[in-house]
Structures are given as C-alpha cells and as structure tokens.
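Tertiary structure, described
Read off the chains here:
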Amino acid sequence: MVKVDVDGSAEVAWRAFEHRLTAELLELSVGDVLRVGVPIGRGTRSPIALHFRARPATLLAIATGSPPVRGAGSLPSRQPPAGIPRTKVFRIGAEPATAAWTIGALRESYDVVHPAFLTIGRQGGSATARSRNVPGSEHTATSRAPVVPATPDELEDLVERTITAVWGSPLRRDHDGDLVLEGDHGPIYVRVRRDRPVVEVFSVLAWFDRPDQIERAVAFANARNTWSSLTTYVVNDSIMFARASVWCLPYQPSNVLVGLDALLDVLREGGWSDDEDQSEGAAEDADGSEDQEVADDHGRAQELEVAMLTIAHLEVAEEGSVSPALAAKIYAYDRDLLLAAIRDAETQEINWRSSIEEARQRDDDEARVCGIEATSWQRTVGLLRAALRVTIER
C-alpha cells in the first residue's frame, strides 16, 4: 500500500503558489490590479478575493468577500472575514513578505485548503502594462482608444465597472445615489456630477459642535490645500470633508483610481485632529469669503492638472493620438483654462531647455533627457495652441 503524504504535498503546492504570487507582484506596473481569489461556479469574477493595486511606491491591498458557510451553499458576503483589514498598504520591495501575508490570510481567514482552488488574474491599468502568458492567469489588455462618455449615466456605468474591478461587488448606493465604499477607516463616497464630466471621491473627516473647532478646522483645511495637489479639504457649516475631483473627458480608469487612493491615504493618516496646530494658513476674513476664493483657485488648478495628466496618459499610450479637437474637449472648451495650460507648458519648456547646458556639464545622458523633455513640452504647447483655436472657432 502506497502512503500518500497529503499534508506534505499541500505544503509544497502552497510554497510554489507563494513563489508564483511573488513573481506576479514584482511584475506589476503602476496602475495594474492583481486579483487572487476563489471563483464561484463558472463565473470569471471572484467574490472571495484579495486585490492588489500597484502605486508608485506602495501596493494597496483590498480584501473582498468572505467564505460561505460550509455545507450551506450560500454565496459569500462582500465584507472580508474577521481579522482581515479591508485595506492594507505594502511597501514596494517587500513583495515576498506581501505574498507570505496573502497566503496566510487565504489559509487561515478564508479557509482555502489548497492553492488549486485559487485563480490569479491581472488587469492592466496603465499604458505600460505588459500582457504575459502565465498558466492559470487572466490578462485584460489595456485599450488605447479614448473613451468619451456621452451622458452622465454612461460615465456612471464606466465608474461603477472600474470600482467593482478593484473593490469587489456588489456595491452599495446611499439615498443620494452615491457609491459607498466601506473601509477600515471610514466610508468613502463616489459621485458622478450631472453638470460636468467630473467624478468626485469624498469622505467626511469630522463634525463640529463648537465655533472654535470650526475656526481651527478652516485653518487646517487652508494649510493643507496650499500643498495638496489632488485632495481638497472643505469645511461646510459643521462638517469637514476631503474630496478628490477627477476630470473624465475622456474617461481614464487610472485617474479615478488615483482619486480613490488619495482618499484612502487621507483616511489612513487620520484625517483631522483637534489637537493639531491649526495656526498655519488661517483665514483673514471671518466671513469665509477668502476661504471660498482659495478653494475656487485650488479647484481651478486641480482641473488644469487633471486635464494635463489626461493628455499625458493618452500621449504615452500612443504618441500623437491626441488631436487638437480632442484636447479642446478635454479642457471642456474653456478658453481661460487652455490659456493657463499654455502658460504652464511654455514655462516647463523654458525650464527644461535652460537645464540642458547645466546638465551637460555633469552628464551627457542627463542633458539628452532634458532635451527630450523640452521637445515634448514644445509639442504640448503646439497642441494646446491648436486646441485654443478649435475652442475659439467653435
């Protein structure tokens, strides 16, 4: 009679799966999503899953689903099991430790008895994402064609599909119709504006019942808004919330996920504390008019940055793919916004060209990079000027 070491063979399989998962994590590009989970039935979605989203310096893990009751045959819930955080951040460079944590979570909290029950799927979220033929893996190619939603409902459908891909399903909506994402540090709301192609990701940070708290919160919000490039802090009556607004014409899933990441970071850092020094950036006008002016200016600068980021993403995907007409549409045919963008692009070109000679004294390769950047910004200036003409003649 041959004795089969079931436990030993399972451990070998788990070690092999851990090595494979480590390799998958190492090959993620910024914006890519890796899903590790247990499929239900014949569907391709995996309600019991851990999703990893690659960011510039970290991996963001989002836990979804929980194991069904054994023998009950019921589908899992969208909440992770007890002991597993809804979101967890891992440092880039610690992929082996991340894979080990994932294996432990799947075995101990999700009750997965063997890696044969698991699937690994990667979804490209960036233009540099590479599609690889890995047995047992799913790969979704990134489309280079820009998606231009025609209506708010179409944009809402795109946003829901993007959020579902990394957060899991089903998603819940509140009485206002906003998507509600339950996290370890508080809920995050995702709203599609009806008056413009903008997606707002926001979360309430604090409620106040004393005037002195509101004054300190306003000072805190003003100070943060002077250096925060994506997230805006707003104090409205007795509530303070953080918001990231993402321009979505054309629609870029990665931009929406960047806004979501920004809010997750705000909540993870604790949002706002009444004990912090709120003196920096205090408002000079007691009636709040200056606060509103600062918020408006910051919102304008944010629209400018997101529009330029959208063009950069499309150009990276396929150089020359953005026509003057599309660029004008990205800037919502806003003449003032385009003029500001042209000034910024011209400044970038001048700065890079002035850096070429200085860089050449240190390294020829550095000077060559400066020249490439200067040429790129020169093309951007030309594109924006052509978009300005389209806007004026419209």
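Residues numbered from 1 in each chain as written. Predicted model: local features only at pLDDT ≥ 70, side-chain atom pairs only at ≥ 80, totals over all residues. Heavy atoms only, no water.

1. Remarks on the packing of helix α3 (residues 152-167) against helix α5 (residues 253-268)
At a minimum axis separation of 10 Å, α3 and α5 run at an interaxial angle of 55 degrees. Between α3 and α5, the angle is such that the two are oblique. Here α3 and α5 pass one another in a crossing that is right-handed. Note on element contacts: α5 touches α3 through Pro253, Val256, Leu257, Leu260 and Leu264, opposite Thr162, Ile163, Val166 and Trp167. (Axes fitted to C-alpha atoms, helices over the stretch in contact; angles between N-to-C directions. Helix = DSSP H or I, 4+ residues; strand = E, 2+ residues; numbered from the N terminus. Parallel < 35°, antiparallel > 145°, perpendicular 65-115°, else oblique. Left-handed = near helix turned anticlockwise from the far one by under 90°. Contact = heavy atoms within 4.5 Å.)

2. Section: the packing of aromatic side chains
Taken as a whole and judged by the stated rule, the model has 6 aromatic pairs. An aromatic cluster of at least three residues, connected via ring pairs, comprises Phe52, Phe90 and Trp101. (Phe/Tyr/Trp six-rings, centres within 6.5 Å; stacked < 30°, edge-to-face > 60°.)

3. Here's the deal with the sheet that holds strand β9 (residues 186-192)
Taken together, the 6 strands give an open sheet; going across it, the order is β7-β8-β9-β10-β12-β11, and neighbouring strands pair in antiparallel fashion. Bordering the open sheet on either side are β7 (172-173) and β11 (231-236), each of which pairs with just one other strand. With 4 bridges connecting them, β9 and strand β10 (residues 198-207) associate as antiparallel partners. Looking at β10, one finds that Val192 is bridged to Val199. Sitting on the sheet, helix α4 (residues 211-225) touches β11 and β12 (239-247), and the angle it makes with β11 is about 160 degrees. (Pairing = 2+ DSSP bridges.)

4. Observations regarding the confidence of the model for the protein chain
If pLDDT is low for a region, its predicted coordinates should not be looked at in detail. Looking at the protein chain as a whole, its pLDDT mean stands at 75, while 73% of the residues score no less than 70. Note on residues 126-144: pLDDT is under 50 here. Beyond four places in sequence and across chains, it has 44 contacts. Segment residues 276-295: pLDDT under 50, and 19 contacts once partners within four positions in sequence are set aside and those in other chains are kept. (pLDDT = per-residue confidence, 0-100.)

5. Structural notes on the nonpolar core
Ranked by internal contacts, the top residues of the largest apolar core, which has 39 residues, are Val159, Ile163, Trp167, Leu181, Ile188, Val199 and Leu260. Secondary structure elements with two or more residues in this core: β3 (58-64), α3, β8 (179-183), β9, β10, α4, β12 and α5. When residues in this core are grouped by element, the largest group, 8 residues, is from α5. Not counting chain neighbours up to four residues away, the residues in contact with Leu260 comprise Ile163, Trp167, Leu181, Ile188 and Val201. Formed by 25 residues, the second largest nonpolar core is a distinct cluster that contains Val38, Leu50, Leu59 and Leu118. (Core = buried A, V, L, I, M, F, W, Y, C linked by side-chain atoms within 4.5 Å. Buried < 20%, exposed > 50% of the residue type's maximum accessible area, 1.4 Å probe, protein only.)

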